[in-house]
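Report on the structure
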Amino acid sequence: IHEAIPPDRNPGVITEPVQTLTDMRVIKNVSELVDTGDADVTEETVTVEDTRLRYLTGGDGETPLVLLHGGIIDAAYISWGELLGPLAKQTRVYALNLPGYGGSELPEGPLSMDRHVEAVAGFIEQVGIDDPVVAGTSMGGGAAIGLALSYPDRVSQVVALEAFGLGTELPS
């Protein structure tokens, strides 16, 4: 199951998630969503600023990698599912579902890039991830850049893939 935004709603003012089925079936475990290979990838939750966030994690290594998905109908398993297993064989990987995506709770009030940046910063702190490489695609790339600008001491490197700008509005 992933969360989608109806076309007539502005992502900056979402008040509730809309559930849709992927492949007309209910996903029962993470192995149906991601290529885990022989890596042990699990789904976990953490609470950041009163919002429960889901994330996929696995692997072991000295340089942790935090992966951020794009917007609209994206989620961690959509953007990063095929890469989690191979990456987890090389390092510790965390693929975060941003607030309102991939089963993470939708917080009160409108979503914005600033809120996503704060959620990622809180996630890194709550989980206890030291000096991660933060990679993001599309909206996640913008959040990664925003995180590095706002909290340069919390990231070692940023990889922004097809990132959009750092405005306060989310793209529709």
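Up top is the structure.
Reading the values: rules and limits
- Residues numbered from 1 in each chain as written.
- Predicted model: local features only at pLDDT ≥ 70, side-chain atom pairs only at ≥ 80, totals over all residues.
- Heavy atoms only, no water.
- Pairing = 2+ DSSP bridges.
- Helix = DSSP H or I, 4+ residues; strand = E, 2+ residues; numbered from the N terminus.
- Axes fitted to C-alpha atoms, helices over the stretch in contact; angles between N-to-C directions.
- Contact = heavy atoms within 4.5 Å.
- Core = buried A, V, L, I, M, F, W, Y, C linked by side-chain atoms within 4.5 Å.
- Buried < 20%, exposed > 50% of the residue type's maximum accessible area, 1.4 Å probe, protein only.

**Looking at the sheet that holds strand β3 (residues 41-48)**
- The strand order across the open sheet built from six strands is β3-β4-β6-β5-β7-β8, with neighbouring strands paired in mixed fashion. In this open sheet, the two edge strands, each paired with only one partner strand, are β3 and β8 (157-161). Here the strands of the sheet are splayed against their neighbours by 20° on average, with no regard to which way each runs.
- Direction of pairing for strand β5 (residues 65-68) relative to strand β6 (residues 93-96): parallel, over a ladder of four bridges. By the bridge assignment for β6, Leu68 is matched with Leu96.
- Docked against the sheet, helix α1 (residues 76-88) engages β3, β4 (51-58), β5, β6, β7 (133-137) and β8, running at close to 175° with respect to β6.
- Against the sheet, helix α2 (residues 113-127) contacts β3, β4, β5, β6 and β7, and its axis sits at roughly 110° relative to β3.

**What about the nonpolar core?**
- Grouped together as the largest cluster of nonpolar side chains are 25 residues, with contacts concentrated most on Val66, Leu68, Leu96, Phe123, Ile124, Val134 and Leu147.
- When contributions to this core are tallied by element, the ones reaching two or more residues are β3, β4, β5, β6, α2 and α3 (139-150).
- The element that contributes the greatest number of residues to this core is α2, accounting for seven residues.
- Beyond its immediate stretch of four places on either side in the chain, Val66 contacts Tyr94, Phe123, Ile124, Ile129, Pro132, Val133, Val134 and Ala135.
- Of all hydrophobic cores here, the second largest spans 15 residues; its members include Ala39, Leu56, Val93 and Ala95.

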